[in-house]
Amino acid sequence: MNPPRPRPKLDDDNRAFWTGGAEGKLNMMQCADCGRFTHPPRRICRHCQSEAMAPVAVAGTGAIETYTINSQPWLPGLEVPFVIARVRLDGVPDVVLTTNIVHCPVEEVGFDDPVKVTFEEQDGIWFPLFERVR
Amino acid sequence: MAMPEAYITGVGQSEVGVRLTRSPMGLTKDAIVEALADAGLTLAEIDGVASYPGKSHGYLGFSPCGVDEVIEAMGISARWHFGGGEIPAQLSAIAEAANAVRTGQARHVLCFRTVYEAAAMSRPEEFPALRRDTVDGYSQWTAPFFALSAACWVAQYAMRHMHRYGMTREQLAQVALNANRNALLNPAARAITKKPLSLDEYMNARPITSPFCLHDCDRFTDCSTVIIVSAGDALGDVRSTPIRIAASAGKVDRWSWDQAEWMASYATGPDLWAKTDYKPGDVDCVQFYDGFAFFPITWLEALGFCPVGEGHRFIEGGKRIARDGELPLNTAGGQIGAGRLHGFGFAHEAVVQLRGTGGARQIPGDPRVAVATSGGGPLAAALLLAKD
């Protein structure tokens, strides 16, 4: 049994990202003026500085940009090994998410593997994890 | 009009240990006393103080002594002082001190970095660990996925290098093997490195987070390192061989541990060379930040000692980066071999080598130019040091 995941402190910038999983949505902050995404989410577009920002549900699919098989239990009780990865998201250029790749043996994970989001809930936070698409 | 110059005129270091009982301020004092003696200066002549990152209240072991506390404890009358974490990386505290003396705001600036991470772990009531249950700022994008160490973040860049450029663990191993060989010749590293490391031992060592094993990671250490930076027109006050800070850089295009395609070192390297007439071929030794073994490989590429994607081939076999090689690397053992001094150790060792006082680990010839770097991920600082 893993220890609880460290809990993000919610604010107006990040709430849609960390709670969107309740509706099955992976919400990313998008600019209505230039159409580009800002992640980490912020109410000011990092590309054009517009404030016309809103969370938008994206496809939730993507591919593994890079990853590491973690063998070190950084917290008491942390089950190892597990995979930490950076996933590039379909339709969200220039953004990667650090996440875990779950539901498959660690040695089966590879670069460019197609993946899709799956949420894990803990006390109202919906952590976006990813699993391989077969 | 030529810009006034800045020089490193004194270096000092406390005992380097693991779970030391001497207080952090005591260690800081030890390093200050040694640096003053090295420069031939007195405390009364120090009129500036700089540090990175300032006192770390949320995690005291990381930085237990504030700039204000050192000013008070040592009775310094400071015309200029500086301490902060939101600068390019550790060595930028020294770069800022150089700017202060170049612009006449101070004559002799005492720069320090005190770390107490090993002692703090053994005395958590006095030095509480970083809280992990609730996270904000950048750590909210990594910690919830149990990516709780920079090792996990940096390992992903290293894995990409293996996938994209063919780096092997045998090549990566050369950083740790080189660190081990050099640390065994460094009396200050005795608490950290006690015996030789073979490639076999490395390959079979406990994995941390792929591709890193135990030997690819630096180790929590208790120590203070002090660098004194003096104005060019104040060299008459000092007795040591001054080492000129010929250039410094710390460029970041995207402050992020995961969104950035390239770590900040890759922007910093070219920016360093843009500020000097020196070229990579002029450099006699390099002291590259090695919190994790992959960093020196990135610094080799970033500073143009080899093309991007070739760093692992540059160090293959370890001959080029050995003390008698074409580009000696981390001659004191780096942080992997000599402890997590957190950046300042690289400037200290560059000065030692340029002065020729490295004893058993001294590189041959008459080294005149060195590069010292600190940082990884979005943190990067580089100093070009010259004896001229």
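Structure: above.
Now for a quick tour of the structure. No experiment lies behind these values; they were computed from the predicted model shown.

So, how was this worked out
Residues numbered from 1 in each chain as written. Chains lettered and ligands numbered in written order. Predicted model: local features only at pLDDT ≥ 70, side-chain atom pairs only at ≥ 80, totals over all residues. Helix = DSSP H or I, 4+ residues; strand = E, 2+ residues; numbered from the N terminus. Rg over C-alpha atoms; globule rule 2.2 N^0.38 Å. Buried ≥ 20, exposed ≤ 12 C-beta atoms within 10 Å, placed from the backbone. Pairing = 2+ DSSP bridges. Axes fitted to C-alpha atoms, helices over the stretch in contact; angles between N-to-C directions. Contact = placed C-beta atoms within 7 Å. Expected span 1.5 Å × (residues − 1). Core = buried A, V, L, I, M, F, W, Y, C linked by C-beta atoms within 7 Å.

1. Things to note about the overall build of chain B
And step 1. Across its full length, chain B holds 12 helices and 12 strands.
And step 2. At 19 Å, chain B has a C-alpha radius of gyration in line with the 21 Å of a compact globule built from 388 residues.
And step 3. Relative to its 388 residues, chain B shows a buried fraction of 57%.

2. Details of the pairing of strand 7 (residues 114-122) of chain A
All names here are of chain A.
And step 1. Pairing analysis gives 3 bridges linking strand 4 (residues 61-70) to strand 7, with the strands arranged antiparallel. Residue Ala63 lies in a different strand from strand 7, and its bridge partner there is Pro114.
And step 2. Sheet analysis places strand 7 next to strand 8 (residues 125-132), joined by 8 bridges and oriented antiparallel. In the strand pairing of strand 8, Gln122 is matched with Ile125.
And step 3. Counting the residues that bridge the hairpin from strand 7 to strand 8 gives 2 residues, and of these Asp123 lies at a positive phi of roughly 50°.

3. Structural notes on the sheet that holds strand 9 (residues 243-249) of chain B
Residue and element names in this part refer to chain B.
And step 1. Read across the sheet, 9 strands follow the order 3-2-4-8-1-9-12-11-10 without closing on themselves; strand pairing throughout is mixed. Of all the strands in the sheet, the pair left with one neighbour each is strand 3 (80-83) and strand 10 (285-287). Strand-to-strand twist in this sheet, taken as the mean axis angle between neighbours without regard to direction, amounts to 25°.
And step 2. Here 9 bridges tie strand 4 (residues 108-116) to strand 8 (residues 222-231), and the two strands are oriented antiparallel to one another. For His108, the partnering residue across the bridge sits in strand 8 and is Ser230.
And step 3. The strands touched by helix 12 (residues 344-355) within the sheet are strand 1 (6-13), strand 4, strand 8, strand 9, strand 10, strand 11 (369-374) and strand 12 (381-386), with strand 11 carrying the most contacts at an inclination of about 170°.

4. Considering the environment of Ala143 of chain B
And step 1. In this structure, Ala143 of chain B sits in the loop between strand 5 (134-135) and helix 5 (150-165).
And step 2. Given 24 C-beta atoms within 10 Å, Ala143 of chain B falls into the buried group.
And step 3. Filtering out sequence-adjacent residues up to four positions away, Ala143 of chain B remains in contact with Pro6 of chain A together with Arg132, Val135 and Leu148 of chain B.

5. So, unusual backbone geometry
And step 1. His39 of chain A connects to Pro40 of chain A through a cis peptide bond whose omega is 0°.
And step 2. With respect to the helices and strands, Pro40 of chain A occurs in the loop between strand 2 (26-31) and strand 3 (53-58).
And step 3. Residue Pro81 of chain A follows Val80 of chain A across a cis peptide bond; omega there is -5°.
And step 4. Mapped onto the elements, Pro81 of chain A comes out in the loop between strand 4 and strand 5 (82-89).
And step 5. Even without glycine at this site, Arg19 of chain B takes up a positive phi of about 60°.
And step 6. Overall, the presence of 15 C-beta atoms within 10 Å leaves Arg19 of chain B in the partly exposed class.
And step 7. Despite not being glycine, Phe146 of chain B has its phi angle at roughly 60°, a positive value.
And step 8. One can find Phe146 of chain B in the loop between strand 5 and helix 5.

6. Considerations on the environment of Asp222 of chain B
All names here are of chain B.
And step 1. Counting through the fold element by element, Asp222 comes out in strand 8.
And step 2. When the C-alpha positions of Asp222 and Arg239 are compared, they lie 29 Å apart, and in sequence the two are 17 residues distant.
And step 3. Those residues in contact with Asp222 that lie beyond four places of it in its chain are Gly17, Val18, Arg19, Leu20, Leu27, Val115, Tyr116, Ala118 and Ala119.

7. Some details on helix 5 of chain B
And step 1. If you check helix 5 of chain B, its first and last C-alpha atoms are 22 Å apart, about what 16 residues at 1.5 Å a residue would give, namely 22 Å.
And step 2. Buried within helix 5 of chain B we find Ala151, Cys152, Trp153, Val154, Ala155, Gln156, Tyr157, Ala158, Met159 and His161 of chain B.
And step 3. Contact partners of the buried residues in helix 5 of chain B: strand 4 and strand 5 of chain A together with strand 6 (207-209), strand 7 (212-213), helix 9 (294-302) and helix 10 (311-314) of chain B.
And step 4. Two residues or fewer after helix 5 of chain B comes Gly166 of chain B, characterised by a positive phi angle close to 85°.

8. What to know about the interface of chain B and chain A
And step 1. Between chain B and chain A, the residue contacts involve 27 residues of the former and 28 residues of the latter.
And step 2. For the side of chain B that touches chain A, the secondary structure elements donating two or more residues are strand 5, helix 5 and strand 6 of chain B.

9. Comments concerning the nonpolar core
All names here are of chain B.
And step 1. Ile94, Val109, Cys111, Val229 and Leu385 are the most contacted members of the largest nonpolar core, which has 153 residues in total.
And step 2. In terms of residues, this core owes the most to one element, helix 5, which gives 8 residues.
And step 3. Sequence-distant contacts of Val229, defined by excluding residues within four places in its chain, comprise Ala6, Ile8, Ile94, Ala97, Ala98, Val101, Val109 and Cys111.

10. Notes on the pairing of strand 4 of chain B
And step 1. The buried fraction of strand 4 of chain B is high, at 9 of 9 residues.
And step 2. Of the two faces of strand 4 of chain B, the one lined by His108, Leu110, Phe112, Thr114 and Tyr116 of chain B and the one lined by Val109, Cys111, Arg113 and Val115 of chain B are each fully buried.

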